[in-house]
Amino acid sequence: MNPIDTAELTGLITGYYRETLGDDSLDAASDFFEAGGDSLAAFQIVHRLQELLDAEIAVALVFTYPSPAELAEVVADDLSLAPASA
């Protein structure tokens, strides 16, 4: 699904958080841990990202960058995804 911009990726990850953690009120700034996230949920989120982006993404990133916005920024930077204005 390249190219994808950080804002679009943030929206997708926020949706994954909502679905996986069962909380429709989560937003881009929501904290994975405060929302009840655990290792299984992190694996499920990363698995979906890997399928979407066809890339290897470490599960540890969810624990290091717990909000969808933080995670999207790191993943986008790591994969050198295209910015929206490009």
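The structure under discussion appears in the preceding block.
Bear in mind that the values here come from a model prediction, so they are computed numbers and not experimental data. (Residues numbered from 1 in each chain as written. Predicted model: local features only at pLDDT ≥ 70, side-chain atom pairs only at ≥ 80, totals over all residues. Heavy atoms only, no water.)

**Remarks on helix H2 (residues 39–53)**
The terminal C-alpha atoms of H2, which comprises 15 residues, lie 21 Å apart, in line with the 21 Å expected from a rise of 1.5 Å per residue. Those residues of H2 lying buried are Ala41, Ala42, Ile45, Val46, Leu49, Leu52 and Leu53. For H2, the arc enclosing every buried residue in end-on projection is 125°, short of the 170-degree limit, so these residues lie on one face. The outward face of H2, more than 90 degrees from its buried face, is lined by the exposed residues Ser39, Leu40 and Glu51. As for H2, its buried residues are in contact with helix H1 (6–21), helix H3 (60–64) and helix H4 (68–79). The N-capping residue of H2, defined by a side-chain oxygen 3.3 Å from the backbone nitrogen of leucine 40, is aspartate 38. Aspartate 54 occupies a position one or two residues after H2 and carries a positive phi of about 50°. (Helix = DSSP H or I, 4+ residues; strand = E, 2+ residues; numbered from the N terminus. Expected span 1.5 Å × (residues − 1). Buried < 20%, exposed > 50% of the residue type's maximum accessible area, 1.4 Å probe, protein only. Arc of directions from axis to C-beta. Contact = heavy atoms within 4.5 Å. Polar contact = N/O pair within 3.5 Å; in protein donor to acceptor, adjacent residues only side chain to side chain.)

**Focus: the pattern of salt bridges**
Taken as a whole and judged by the stated rule, the model has one salt bridge. The partner of arginine 48 in a salt bridge is glutamate 19, with the nearest N and O atoms 2.5 Å apart. Taken together, the residues arginine 48 in helix H2 and glutamate 19 in helix H1 connect sequence positions 29 residues apart. Assessed through its relative accessible area of 30%, arginine 48 is described here as partly exposed. (Salt bridge = Lys/Arg side-chain N within 4 Å of Asp/Glu carboxyl O.)

**Quick look at the packing of H1 against H2**
Axis separation between H1 and H2 bottoms out at 10 Å; the angle between their running directions is 140°. With respect to H2, the element H1 is oriented oblique. In the packing of H1 onto H2, the handedness of the crossing is right-handed. Here Leu9, Leu12, Ile13, Tyr16, Tyr17, Glu19, Thr20 and Leu21 of H1 come into contact with H2, specifically with Ala41, Gln44, Ile45, Arg48, Leu49, Leu52 and Leu53. Residue composition of the contact of H1 with H2, by class: eleven nonpolar, two polar and two charged. (Axes fitted to C-alpha atoms, helices over the stretch in contact; angles between N-to-C directions. Parallel < 35°, antiparallel > 145°, perpendicular 65-115°, else oblique. Left-handed = near helix turned anticlockwise from the far one by under 90°. Nonpolar A, V, L, I, M, F, W, Y, C, P; charged D, E, K, R; others polar.)

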